[in-house]
Structures are given as structure tokens and as C-alpha cells.
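Survey of secondary and tertiary structure
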2 protein chains.
Amino acid sequence: MMGPVRSVTINDIADHAGVSRSTVSLVLRGSSRISKATIDRVNASIDALGYTYNRGAANLRTQTSQAIGLIINDLMNPFFTELTATIEEMADREGYFVYLVQSNEEPARQHKLCMSLLEHGVAGLIVCPATGSSLETFDRLHERRIPVCIAVRPFASDRFDFSGPDNFRAAEIATDALLKRGHRRIAFLGGERGNPSRDDRVAGYFKALQQAGIEYDPALVVESRPSRQSGITDVETVLSLRDRPTAALCYNDFVAISVMHGLRKNGLEPGSDMALIGFDGMPEAEMSHPTLTTVSLHPREIGREAAELVISRIREPNRDVTRRIQTPQLIVRDSCGTAKR
Amino acid sequence: MMGPVRSVTINDIADHAGVSRSTVSLVLRGSSRISKATIDRVNASIDALGYTYNRGAANLRTQTSQAIGLIINDLMNPFFTELTATIEEMADREGYFVYLVQSNEEPARQHKLCMSLLEHGVAGLIVCPATGSSLETFDRLHERRIPVCIAVRPFASDRFDFSGPDNFRAAEIATDALLKRGHRRIAFLGGERGNPSRDDRVAGYFKALQQAGIEYDPALVVESRPSRQSGITDVETVLSLRDRPTAALCYNDFVAISVMHGLRKNGLEPGSDMALIGFDGMPEAEMSHPTLTTVSLHPREIGREAAELVISRIREPNRDVTRRIQTPQLIVRDSCGTAKR
DNA sequence: TAGAGTTGATAGAACGTTCTATCTGCCATT
DNA sequence: AATGGCAGATAGAACGTTCTATCAACTCTA
């Protein structure tokens, strides 16, 4: 019936209210140099005509933007959604809007998304680098001089601000907790080589073993691309060894929960037959059975810092590069062998 | 050190390549009316100068946009993230970009987000209405004549396209499955009155009971705002009854998993001591212990249809309003009483 | 060789804002 | 009565694109 209505602009408001375009613009931005009477008249016209502010046009004129791009790896992972939730809160509070996208851990897609976000005119970017990220992407961002904060995984982070967890320390803490409970054969299940988070965790695990004087057994470190099922095969790999481990670090909480299923599938009880510790501290960990001992990486803190960093760099583009590292924290529950039931 | 670099524009490219602005614009859009030689020259200049396309300026000129706004209730809920993932895939395939935001089930926030998305110039909107949504929000959208698809929960959906599950049928299916297994006292745990999804499910549950000749007992229907813990108190409410239920429908899979914890906390075993069925069909349901019987609402299908509907309406604004209802599907696992171990 | 096409490229206005500079009254001061 | 200052409002250019109309240089045809 009705064709696409030509949108109501600031000019229409001006005509309707009998003032100039400039005046309407000033009213919209709450200028103090306009009289109460005109303000009221303009606002009345705005209501009457059903006006929507065209932020794109304004951004074009002012060469600014109130959007921040956020690239996460996986929307389905609560660690990233918690991170996202905090970033959105912070951004909102500061008057920014978040364009959220997921890279699916694909560097090519990540590159495309970065370019797309630039075209969409973001004022800054928070990127959780995909495993296998190419330097080219970040070179491009750097030469465009766009404020960027790298989050969660340190990649090319000497040139950009960074907010993330201390993965090395996290694995040390977890390994120590298992050692303290008397375990000598401890596996590390899941994660792919080349993913800096995973590699740092393996390094921390190695260091803790070494300090306890335990020889490192490569057969106990199982690599795999994390999925909802991967933990099952990961744990079966170490169950097939002559000398089985009595405990395992799992790359993240997802893997840990899937390892629980793998154990049950093989007639073993998670927690008592094999002690388990995950990483991330996602809320679901508390709802698993047995409840999951995990090293919380404080996604909300990481998100808060990342948002702060990118916003502060938008405002002050030339300040020094800064790194904010969150200290991880062990949350002891039932899966690490102190089962209470 | 370096101030904010004035961005490279189409004019700079034109100067560098020794052609006109119009020519560069045509090259960017892949026009066939430009000679191979000029195309190459222009592309060379684009690479040399490091140009980024300003989509905002183009949108202003063409009065179009390739962005679709998506408002979901809760980023932390896998049902919505699966929905989102499919919508993003579809949008991407059709050349659209998704602006994703969450309403946190707050109508006021939802209203603000709608207005904000309009200002950011989306071509269309997919909204999963928050519980307690005000009609005003949707009136505003309607008078602005912006293409809108309502998803998941039918609200004001006589004026807008809709894609969602058949909640009534879902509850009938679930209730029948429990009746077939011999249960007579079946509870309905979680969800808030006023949430159309929940109300439809309760109605379907009621209908199935009625058809089986079972009298409806209001004490078995427990209302609560769903959270990661709410199922615990929900189930404790019905455990305190003289005549306890032997089975329960849970408002969604989250609630169901939390109900499992509530049962264990009270010394009961989920599945054998109380049969449980959830709704949504989220991937975690397969990873719980016992594995969760659930009615899948096919979030991916709902997302696919929603994306199709909004894109088709962007292209053809005046076609008739359409509704796409997904038929739910029971996925039988261990929690409904057929435990195999 | 004049006219008609065709191919490739272009000038200038337009999209909806904001910014800079300026203007009009009015009041107070001399 | 002339001057200065101030409050409130405005005209016109500008942001980076695309669109409409037009142009210049060829090639083909009769």
C-alpha cells in the first residue's frame, strides 16, 4: 500500500517548528544557548512528526562513532558470553554501542569481520584472536590507526593493549592442587597446539610437575579441537594407556564435563576414579554432577578491563600500550576428589 | 605522536589514479562499464593508499543499509545463541550484517535498544520480545514502517511476521510422554506468568492432563523467574507437599538441570526418583547426568525462518504478514525414567 | 562523410547531519 | 545618541559516498 516513507529529517522538524535546521540540531544535542520556549516547540514537533535521529549522517559529519566492535570466538561458550555481557554493560554506560560478531576460530573469517567492522565505522575494536590468527589482519588494523584491545589471548599484543588471564599461573595452581591431593600421574586433556591459551596452560602444568620432581610424560598430554564431545575421546586415549593417570587437567570446563561422560561411558566415576579440574569458571560448572572444580579466569574482569582500555584509547589514542593480566583463582568443588557424598 | 590520520577517501584514490571520483565509485561496485585498465589502476591506488570503504556515507546517499538488528533475551542461554548463530549465517549469506543485543528480559531496555538500533540505521529488526513487553515499543516500530520479524514469543504478532515454536504442542507432547510412562502426578516447574511461552506450555500441559482425565492440581505448578538456581527452590516447593509428584515438566533445560541438583540436595535421584523433561533442546542437555529428555524447539529452524522473513520483507515491504510455526520434537534420554544404568 | 550508436568516463547535486561564522535584537553604559 | 556586549538564532559549507545527466571519442552504417 504505502511506499517506503521518506524518513523525517531535521529539516522537516525545522519547518514544522518554524526554526532553522541548526537550531533543531542544537536542541537535539541539548545546547544551553537555546531558549526554553524554542526547545519546547522543537520537541513538540519531534513528537508530532515521529523523528528518528540519523546517527550515520551525524557520524559522517563529525568523523566520530559510538560503536565498538567485539570479535569473540564462540557465542555458544559461556566464558565468552560473560565477557561480552560485561563489555556491553561498560560500553553502554559510556555511551557506546557494541557490534558483536563471532569468528568461529577461523582466521579468515576473523579477517573479514575486522574489515567489515572498519567499514561499518567502529570507533574501536576488541578482538579475542582466533587460533592461528595471521599477523596481516593486525598489521592492517595497526596501519589504519584504529584503537584496538586484544582480549583473552595474547597475540601481536606488543603493539596493542591487552586484557587477559594468566594462563600459565592458572595451570600451575590447578596442577599444584592435584599434587597436594597426592596425584602423581596427571593428564592434560584437550586444546590445540598453536592456541596460546592452551600452550601457556601446558607450560604451567609442565613447570608445576617439574618443581614437584615428576617426569613429564608426553602420552598424558592429549591434543584435540575442543567440542562438546571431544573430551570423551580425549579421556579414552589416556584410559588406554598401561599406566593410567589418576587425575586430569581439562583445557576448559566444556572439555571437563565431556570428560565426565567419557569416564562414565567406561564405567568409571568422575571425581572418585579420576580427579578433574577445568579452566574458565563458567556458571555451568556449578551445575554439573559432580560439581566441577575449576580455575576461574574471571571473564567479567577481563571484559571490564578490555572495555576500559579500548574506550580510554579512543579518547587518548597515543597513550602507552598497557597490559592487564587477571590472576586466576581455584574454585574447589567435588570433581577433584574431595567428593562429599 | 601522530594525530588521528584523516581517513583515505574515494577522492584520494581518484587523484592518485588520475580518474574521477565517480569512476572510483563504479570500480568499487564492480561496474562493467569501466575498462580493465582503469579498474587495475584504481585497485592499485586502493592498495597503495590503504583505503577503507565508508559504508555509512554510502548508506546515507543510497538510503539503504545492510544491517539487521537482533534483540534476544539472554546471551547466556544456548537456545538464543543457537538461534543467533543461524541468523548470522543466513544474514551473512545474503550480504547483511547483524547488530546483536540482549534485552535481559527488561521491557524498558528492549525499548531503548529498539530505538537505538533504528538510529544506527538497521534495514530490519528481529525481536524476541521480553516478558512484559509494552505495546508502545512495537507501535513505534510499526509507524516507522521498519521491517520487523518477531521471533520465539508471539507478541503483537498480528501486525508483524513471526517465527517460533508451537509451545502448546510441545507441552502436550512432553506431558503425554510422562503419562504414557504411568505418571499421574506431574508438576510444572519454573517460568513466570505473563511470559507467553510459559503460559502456552502450561496450557498444553493442562490440556493433556484433562484429556487423560486427570484433575489439575494448582499446587503442582510452581512459578519463578528462571535462573541458574531457581529449579532448586522450585522442586523443593513440590517436595514439601504431602502428595509429591513423581514427574515434572521443567520450563526449560536450564531449570531442569537445576532441578536435578535440587533433587540430589534432598537425597533423591533425578530420573529414577522423579522423571524430568525439559524444553528447548539445548546441547548441554546431552551432557547432563542423567542425560536430559527434552522437547527440542528447533532454535536453528526458528532462526532460519526469522532471517528469511525479515530479509524478504526488506525486499518486499508490502507482502502479507506471515507466521512460521515449528513443530517441536521429543528427544528421549535418561531423565524421564528409562534410565539404562 | 554525416549521423547514429556505443563505450568509457565525468561533473555536480544530493543524502542528513554539524560546524564556523555571522546576524539580529536588546540592554546597559557612556 | 552612539557604542559595546550578550543572548539567541541562522546560513551555508562540509563529511564521503552515489545518482542523474552528460560528454568525448570511437566505430559502424548508409
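Source: prediction; values computed, not measured.

Examining helix H2 (residues 21-28) of chain A
All names here are of chain A. Of all the positions in H2, only Thr23, Val24, Ser25 and Val27 are classed as buried. Lining the buried residues of H2 we find helix H1 (10-17) and helix H3 (36-49). Just beyond H2, the residue with positive phi is Gly30, at close to 65 degrees.

A closer look at the interface of chain A and chain B
Listed per partner, the contact involves 53 residues of chain A and 53 residues of chain B. When chain A packs against chain B, the two sides together hide about 5000 Å² of surface, and 56% of this comes from carbon and sulfur. Together, Phe97(A), Glu119(A) and Met287(A) form the three largest contributors to the area buried by chain A at its contact with chain B, with a combined 14%. Our count for the contact surface shared by chain A and chain B stands at six salt bridges.

Things to note about the protein's contact with DNA strand C
Residues in contact with DNA strand C amount to 30 residues; listed here are only the nearest, Ser25(A), Arg29(A), Arg61(A), Thr23(B) and Thr38(B). When the atoms of DNA strand C within 4 Å of the protein are sorted by group, sugar and phosphate make up 61%. With respect to DNA strand C, the side chain of Ser22(B) contributes an N or O atom lying 3.2 Å from a base nitrogen. Within the side chain of Gln63(B), an N or O atom sits 3.2 Å from a phosphate oxygen of DNA strand C. The set of elements that each furnish at least two residues to the surface near DNA strand C consists of H1, H2 and helix H4 (55-62) of chain A together with helix H2 (21-28) and helix H4 (55-62) of chain B. In terms of residue class, the surface near DNA strand C is made up of nine nonpolar, 14 polar and seven charged.

What to know about the relation of the copies chain A and chain B
Aligned on chain B, chain A shows an RMSD of 0.0 Å; the corresponding rotation is 180 degrees and the shift along the axis is 0.0 Å. Viewed as a symmetry operation, the transformation between the two copies matches a two-fold axis. A symmetric contact is evident, with 100% of the interface residues of chain A recurring at the interface of chain B.

Looking at the pairing of strand S10 (residues 293-296) of chain A
Residue and element names in this part refer to chain A. In S10, alternate side chains face the same way, and those of Thr293 and Val295 on one face and Thr294 and Ser296 on the other are all buried. Taken together, the four bridges between strand S9 (residues 275-280) and S10 define a ladder with parallel strand orientation. Of the residues in S10, the one forming a bridge with Asp280 is Ser296. Looking at chain direction, S10 and strand S12 (residues 329-331) are connected through three bridges and run antiparallel. From the neighbouring strand, Val295 faces S12, where its bridge partner is Leu330.

So, the sheet that holds strand S3 (residues 124-127) of chain A
Residue and element names in this part refer to chain A. Reading across from one edge, S2-S1-S3-S4-S5-S11 is the order of the six strands in this open sheet, with parallel pairing throughout. Each edge of the open sheet carries a strand with a single partner, namely strand S2 (97-102) and strand S11 (323-326). Adjacent strand axes in the sheet meet at a mean angle of 15 degrees when their direction is disregarded. Where helix H12 (residues 299-315) meets the sheet, its contacts fall on strand S1 (67-72), S3, strand S4 (148-151), strand S5 (161-165) and S11, and the angle it forms with S5 comes to roughly 175 degrees.

Here we look at the protein's contact with DNA strand D
Near DNA strand D lie 30 residues; those nearest to it are Thr23(A), Thr38(A), Ser25(B), Arg29(B) and Arg61(B). If you look at DNA strand D and keep only atoms within 4 Å of the protein, 62% of those are sugar or phosphate atoms. With respect to DNA strand D, the backbone of Ile10(B) contributes an N or O atom lying 2.9 Å from a phosphate oxygen. Ser25(B) has a polar side-chain atom sitting 2.3 Å from a phosphate oxygen of DNA strand D. Elements with a minimum of two residues in the surface near DNA strand D: H2 and H4 of chain A together with helix H1 (10-17), H2 and H4 of chain B. In the surface near DNA strand D, the residues fall into nine nonpolar, 14 polar and seven charged.

Some points on the nonpolar core
Grouped together as the largest cluster of nonpolar side chains are 134 residues, with contacts concentrated most on Ile126(A), Tyr205(A), Ile126(B) and Tyr205(B). In contact with Ile126(A), not counting residues within four places along its chain, are Ile68(A), Gly69(A), Leu70(A), Ile71(A), Ile87(A), Cys149(A), Ala151(A), Ala306(A), Ala307(A) and Val310(A). Counting 42 residues, the second-largest nonpolar core is a separate cluster that includes Tyr99(B), Leu125(B), Phe160(B) and Phe162(B).

Observations concerning the sheet that holds strand S5 (residues 161-165) of chain B
Residue and element names in this part refer to chain B. Strand order in the open sheet formed by six strands is S2-S1-S3-S4-S5-S11, and the pairing between neighbours is parallel. Strands with a single pairing partner mark the edges of an open sheet, and in this sheet they are strand S2 (97-102) and strand S11 (323-326). Sheet twist, expressed as the mean angle between neighbouring strand axes with direction ignored, is 15 degrees. Here strand S3 (residues 124-127) runs beside strand S4 (residues 148-151); their pairing, made up of three bridges, is parallel. Its bridge partner lying in S4, Ile126 is registered against Cys149.

Here we look at the environment of Ser45(A)
Residues and elements named next belong to chain A. Turning to its location among the elements, Ser45 is positioned in helix H3. Judged by relative accessible area, Ser45 falls into the buried class, the value being 3%. Separated by 176 residues in sequence, Ser45 and Val221 place their C-alpha atoms 69 Å apart. Once you skip the residues sitting within four places of it in the chain, Ser45 turns out to touch Ile13, His16 and Ala17. A polar contact of 2.8 Å, which involves the side chain of Ser45, links it to the side chain of His16.

Focus: the pattern of salt bridges
Residue and element names in this part refer to chain A. A complete count under the given rule lists 52 salt bridges over all chains for this structure. For the salt bridge of Glu105 with Arg153, the shortest nitrogen-to-oxygen distance reads 2.7 Å. With a gap of 48 residues between them, Glu105 in the loop between S2 and helix H6 (107-119) and Arg153 in the loop between S4 and S5 connect regions that are remote in the sequence. For Arg153, a relative accessible area of 4% puts it in the buried group.

Conventions we followed
- Residues numbered from 1 in each chain as written.
- Chains lettered and ligands numbered in written order.
- Predicted model: local features only at pLDDT ≥ 70, side-chain atom pairs only at ≥ 80, totals over all residues.
- Heavy atoms only, no water.
- Buried < 20%, exposed > 50% of the residue type's maximum accessible area, 1.4 Å probe, protein only.
- Helix = DSSP H or I, 4+ residues; strand = E, 2+ residues; numbered from the N terminus.
- Contact = heavy atoms within 4.5 Å.
- Buried area = accessible area lost by both parts, 1.4 Å probe.
- Salt bridge = Lys/Arg side-chain N within 4 Å of Asp/Glu carboxyl O.
- Near = heavy atom within 4 Å.
- Polar contact = N/O pair within 3.5 Å; in protein donor to acceptor, adjacent residues only side chain to side chain.
- Nonpolar A, V, L, I, M, F, W, Y, C, P; charged D, E, K, R; others polar.
- Least-squares fit on C-alpha atoms with pLDDT ≥ 70 in both.
- Pairing = 2+ DSSP bridges.
- Axes fitted to C-alpha atoms, helices over the stretch in contact; angles between N-to-C directions.
- Core = buried A, V, L, I, M, F, W, Y, C linked by side-chain atoms within 4.5 Å.

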